[in-house]
Amino acid sequence: MDESYDAAVSALEAEESVGLRGVKDIAFGSVAGMASKVFEHPFDLCKVRLQAQVLEEVQRFKGPVDCLTQTWKLEGIRGLYRGLPLPLFGAILENAALFMTYNQLQIGIKKITGRPGDLSLGEKAIAAAGGGTVASFILTPLELIKCKMQVQMMAAEAKRLAVHSSEPLPPIDRRLLPGPLALVKEVLRNDGVRGLWLGQTGTFLRESGGAVAWFGTKEYVAKLLLRQHTQPSPDAPPLTPKDLAVWESALAGAAAGIAYNIALFPADSVKSTLQTELELRGGRAGPKSTFFGTFVALWKAKGFKGLYAGCGVTVARAIPSSAMIFVIYDTLDRTFG
């Protein structure tokens, strides 16, 4: 089965140019990323808010359900989708970069080794890490602004409650909160262009290592599922990933989503804490926080619980979200590839 699988993959790759393959990866990855982001954004907002409150003296949310409930009651549907345009744009770029770099690096590895057929999981891991690395540099500025927007209501509410007054406090006017362009200008004014990449270490660790877990798990599960298929006839072409049923692509994608998020979740927690420090804790006195320093602070504050704050809801949304990405990508690749 493995030899016929490798031969089929090589035959398919020989039929299209490197450039055309890259264009398809960008298109298919963009569509898949956009669709999944619309679905998962409220859960991502919940994750960021749970991560951001770990170092707070008062814990506003008891858990993911409480966070989603409070957000819905106080901010409505617009609150659950606050900051969506940037991550939507980011998802398009992320998945396009991930799939394109991943596949292009595989082609490059085959040219270097001169060996036809499917790559080993180790070689695919190298390609996945490269794809994640490229995506990390695209994502950090977008996630910085997204995270700042997702905790704006938390910060505004905290300031409002800090006002000691016997008079009823007026509701927060969301129109007065700075938008993405205003936040970009603020970052550039305070920290220059380099400030847009605050949290890059965390994004790099999450994306490079996470991509290895994501693609590696998907490839492994897909190969196991293909081994359960039987050839329709002796003369039929060997089976390839395009022969996976929709539910099989979904299953492989769901497993990949779990692996991706569990692999390096603490790196994401540190990144989110760094990126929301200014809004929630001032963050201007003394030397600026570092990745390692923030990691230690989270560990001292809550231990493993602090480093994995929001992990449950993240894994729960990653299962259908990642399944959706691969179902859409594989379907498009099977139809138009």
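Residues numbered from 1 in each chain as written. Predicted model: local features only at pLDDT ≥ 70, side-chain atom pairs only at ≥ 80, totals over all residues. Heavy atoms only, no water.

Asker: Where do I start with the pattern of salt bridges in this structure?
Answerer: Once their charged atoms are close, side chains differing in charge can pair, the charge on each being opposite to the other. A complete count under the given rule lists 14 salt bridges for this structure. Between Lys 47 and Asp 268 there is a salt bridge, with its nearest N and O atoms 2.8 Å apart. Of this pair, Lys 47 sits in helix α2 (residues 18-52) while Asp 268 is found in helix α10 (residues 265-275), placing the two residues 221 residues apart along the sequence. Under the relative-accessibility criterion, Lys 47 is labelled buried at 4%. Among the salt bridges present, the one from Arg 206 reaches Asp 268, with a minimum N-O distance of 2.6 Å. Of this pair, Arg 206 sits in helix α8 (residues 200-226) while Asp 268 sits in helix α10, and the two are 62 residues apart along the sequence. Among the charged side chains, a salt-bridge network with shared partners connects Lys 37, Glu 40, Asp 44, Lys 47, Glu 143, Lys 146, Arg 206, Glu 207, Asp 268, Lys 271 and Arg 317. (Salt bridge = Lys/Arg side-chain N within 4 Å of Asp/Glu carboxyl O. Helix = DSSP H or I, 4+ residues; strand = E, 2+ residues; numbered from the N terminus. Buried < 20%, exposed > 50% of the residue type's maximum accessible area, 1.4 Å probe, protein only.)

Asker: I'm lost on the environment of Ser 322 in this one. Help?
Answerer: Within the secondary structure layout, Ser 322 lies in helix α14 (residues 311-336). Classification of Ser 322 as buried rests on a relative accessible area of 5%. In this structure, the C-alpha to C-alpha distance between Ser 322 and Trp 214, residues 108 residues apart in sequence, is 9.0 Å. Those residues within four positions of Ser 322 in sequence are excluded, and the remaining contacts are Trp 214, Gly 253, Ala 256 and Gly 257. (Contact = heavy atoms within 4.5 Å.)

Asker: Quick question: what am I supposed to make of α14 here?
Answerer: An α-helix turns once every 3.6 residues. As a result, residues three or four positions apart point the same way. With 26 residues, α14 extends 36 Å between its outermost C-alpha atoms, agreeing within 8% with the 38 Å of an ideal straight helix rising 1.5 Å per residue. Largest kink in α14: about 35 degrees, centred on Ala 318, with the proline Pro 320 one to four residues after it. (Expected span 1.5 Å × (residues − 1). Bend = angle between axes of the 7 residues up to and from the residue.)

Asker: What is the right way to look at the packing of helix α4 (residues 85-113) against helix α5 (residues 121-150) in this model?
Answerer: Two quantities define a packed helix pair, namely the angle between the axes and the distance from one axis to the other. At their nearest, the axes of α4 and α5 sit 7 Å apart, and the two run at 160 degrees to each other. Taken together, the axes of α4 and α5 lie roughly antiparallel to each other. When the axes of α4 and α5 are compared, the crossing they make is right-handed. Considered class by class, the residues forming the contact of α4 with α5 number 18 nonpolar, seven polar and four charged. (Axes fitted to C-alpha atoms, helices over the stretch in contact; angles between N-to-C directions. Parallel < 35°, antiparallel > 145°, perpendicular 65-115°, else oblique. Left-handed = near helix turned anticlockwise from the far one by under 90°. Nonpolar A, V, L, I, M, F, W, Y, C, P; charged D, E, K, R; others polar.)

Asker: I tried to follow the side chain of Ser 208 on my own but got confused; where do I start?
Answerer: With respect to the helices, strands and loops of the structure, Ser 208 is situated in helix α8. Take Ser 208: its relative accessible area is 11%, and that puts it in the buried class. A polar contact of 2.6 Å, which involves the side chain of Ser 208, links it to the backbone oxygen of Phe 204. Filtering out sequence-adjacent residues up to four positions away, Ser 208 remains in contact with Ala 129, Gly 132 and Thr 133. (Polar contact = N/O pair within 3.5 Å; in protein donor to acceptor, adjacent residues only side chain to side chain.)

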